[in-house]
Amino acid sequence: MNILYHPLKCSGCAQEFAFPSIGRAYTDLPQAAGRCGVHFSEMLLQPVWCHQCEGASWVERIPSAREFALAAGLRRMPKRARHEGIDDDLLDLDDADFAWLFQHLAGRNAPPFCLECGGKRIAPIDTTQRDTGLLHEACWDSPILFHGFPIGSARLGTGREPYARQFHDVMGQIAWTRMLVQEFFRYWLSTVLEVRRDDPFHAVLASTIRLIANGSAERALGALAPLVDAQVPAALGLLGALHVLGEGVPHSGSTAAPLLENAKALGDACAAHNLASLYATGAPGVAQDVPRARQLFGDALSMGGQYEGDDFYAQDDYASMTGHFYRPA
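These remarks concern the structure in this document. One numbering rule holds for all chains: residues counted from 1, following each sequence as written. Totals for whole chains, interfaces and linings use every residue, but because this is a predicted model, local features are given only for residues with pLDDT of at least 70 and side-chain atom pairs only at 80 or more, for both listing and counting. Hydrogens and water are ignored here; the side-chain numbers use all heavy atoms of the structure.

1. Topic: helix α4 (residues 202-213)
Because an α-helix packs 3.6 residues into every turn, residues spaced three or four apart end up facing the same way.
In step 1: Numbering of helices and strands starts at the N terminus; helices are DSSP runs of H or I of at least 4 residues and strands are runs of E of at least 2. A helix's residues, less one, multiplied by 1.5 Å, set its expected span. In this model α4 runs 16 Å from its N-terminal to its C-terminal C-alpha over 12 residues, within 8% of the 16 Å that 1.5 Å per residue would give.
In step 2: For α4, every residue scored as buried is listed here: L205, A206, T208, I209, L211, I212 and A213.
In step 3: G215 lies just past α4 and shows a positive phi near 80°. Throughout this description, buried means an accessible area under 20% of the type-specific maximum (1.4 Å probe, protein chains only), exposed means over 50%, and partly exposed covers the range between.

2. Concerning the sheet that holds strand β7 (residues 122-124)
In step 1: Strands are treated as partners if at least two bridges between them are detected by DSSP. In spatial order, the strands read β6-β5-β7; together these 3 strands make up an open sheet with antiparallel pairing. The open sheet has two edge strands, β6 (55-60) and β7, and neither has a second partner. When strand polarity is set aside, the average angle formed by the axes of neighbouring strands in this sheet is 45°.
In step 2: For strand β5 (residues 45-50) and β6, the ladder comprises 6 bridges, and the chain directions are antiparallel. In the strand pairing of β6, Q46 is matched with V59. Every axis in this analysis is a line fitted to C-alpha atoms, fitted for helices over the stretch in contact. Angles between the N-to-C directions lie between 0 and 180 degrees.

3. Regarding the pattern of salt bridges
In step 1: A pair is scored as a salt bridge if a Lys or Arg side-chain nitrogen falls within 4 Å of a carboxyl oxygen belonging to Asp or Glu. By the definition in use, this model includes 12 salt bridges.
In step 2: Here E116 and R24 are joined by a salt bridge, their closest N and O atoms 2.5 Å apart. Here the residue E116 occupies a position in the loop between α3 (95-105) and β7, and R24 occupies one in strand β3 (residues 24-27), the gap between them amounting to 92 residues. Pair check on accessibility: E116 and R24 agree, each one buried.
In step 3: Between R61 and E67 there is a salt bridge; the shortest N-O distance is 3.0 Å.

4. Here's the deal with the packing of α4 against helix α5 (residues 217-229)
The packing of two helices is summarised by the inter-axis angle and the distance between the axes.
In step 1: Viewed as axis vectors pointing N to C, α4 and α5 meet at an angle of 155°, and their least axial separation amounts to 8 Å. Viewed along their axes, α4 and α5 adopt a mutual orientation that is roughly antiparallel. Where α4 crosses over α5, the two elements pack in a sense that is left-handed. For the pair α4 and α5, contact is made by V204, L205, T208, L211 and I212 and by A217, R219, A220, A223, L224 and L227, respectively.
In step 2: Three residue categories are used. Nonpolar comprises Ala, Val, Leu, Ile, Met, Phe, Trp, Tyr, Cys and Pro, charged comprises Asp, Glu, Lys and Arg, and polar comprises the others, including Gly. Looking at side-chain class alone, the contact of α4 with α5 contains 9 nonpolar, 1 polar and 1 charged residues. Orientation labels follow simple angle bins: below 35 degrees gives roughly parallel, above 145 gives roughly antiparallel, 65 to 115 gives roughly perpendicular, and whatever is left gives oblique. Left-handed describes a crossing whose near helix is turned anticlockwise from the far helix by less than a right angle; the clockwise case is right-handed. When checking whether two residues touch, look at their non-hydrogen atoms; a contact exists if any pair is within 4.5 Å.

5. Description of the side chain of E194
In step 1: Tracing the backbone shows E194 in the loop between β12 (187-193) and α4.
In step 2: Here a polar contact is taken to be a pair of N or O atoms separated by no more than 3.5 Å, where protein atoms must pair a possible hydrogen donor with a possible acceptor and residues adjacent in sequence count only if both atoms sit in side chains. Among the polar contacts made by the side chain of E194, one reaches the side chain of Y307 at a distance of 2.4 Å.
In step 3: With residues near it in sequence (within four places) discarded, E194 still touches A175, W176, I209, C270 and Y307.

6. Description of the packing of aromatic side chains
In step 1: Aromatic rings from Phe, Tyr and Trp, taking only the six-membered ring of Trp, are treated as a pair when their centres fall within 6.5 Å; an angle between ring planes under 30 degrees marks them as stacked, one over 60 as edge-to-face, and anything in between as tilted. Using the criterion set out here, one finds 13 aromatic pairs in the structure.
In step 2: Ring geometry for F297 versus Y313: centroids 5.7 Å apart, planes at 75°, classification edge-to-face. Of the two residues, F297 sits in helix α9 (residues 290-302) while Y313 sits in helix α10 (residues 310-313), which places them 16 residues apart along the sequence.
In step 3: You can call F297 buried: its relative accessible area is 1%.
In step 4: These aromatic residues form a ring-pair network of at least three members: F40, F167, W176 and Y307.
In step 5: Its guanidinium or amino end placed over the ring of Y279, R292 lies 5.7 Å from that ring's centre, counting from NZ or CZ. For a lysine, the NZ atom is tested; for an arginine, the CZ atom; a charge sits over a ring if that atom is within 6 Å of the ring centre and within 35 degrees of the ring normal.

Take a look at the structure:
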């Protein structure tokens, strides 16, 4: 799910506090590049208030070894019986996800942190209670109340819908973000957004990606501008990705391509992958060129930019991208 929920509201001024996008998963990539058995697993989440973000957020739910053992026993029961009177998200996972999470999380003992900013000044939110115990300092310490997550959040959209899916490593740190924009009944647009942790501008670029993922592309452009002027590779790549998406800037392949080419030439693997995707499908001003795409995906892989399972790169025509990326008529 990638809906922005607004279940928290100040009882004094009625300000609402949105939970960030909850499209989050673990992955082996890109550390598993070239290996078989690359896996993506759903992330279990708990709602919190982050004092650094000054708003609603999420932390990982890391089950204990005992919780995993109890869930494993229940999972051996018939599905109806296992859920009788029991509310446990470990029972809702498929077998591959459950096994992967047990392998990587059962022995992990780490303090929780906000998945948006990494801050550790957090307060758990009990979603069974209306009173959160939180106070809105900007409204004379009025209580902040929980109004409940909406039921049946899916809806038919008729316009342009951007949303993000965040991929994390096994330590909970964001590995990369897949940003998607859907123009209903017409096309999908998709790019990968990543900044390497050893990038000297990691902090500002990571913040910029969060802005893009949460629908604030205009603010992101302001933060990117000086870095683009300075020819920072990841910044050039992010601006190119925004042109692929049409977020805050025109949807233009002819504008995106030279930005991504420049970023790739300066060593940005993510830009190489997005450039390959651009040629695999085509975009306004850029004709589809599958041989060029195949070459660029190879370049991206050699640069450490793997964001798909191994079978994706074995395709001859990248037909699986149909329905997920823009394809001109």
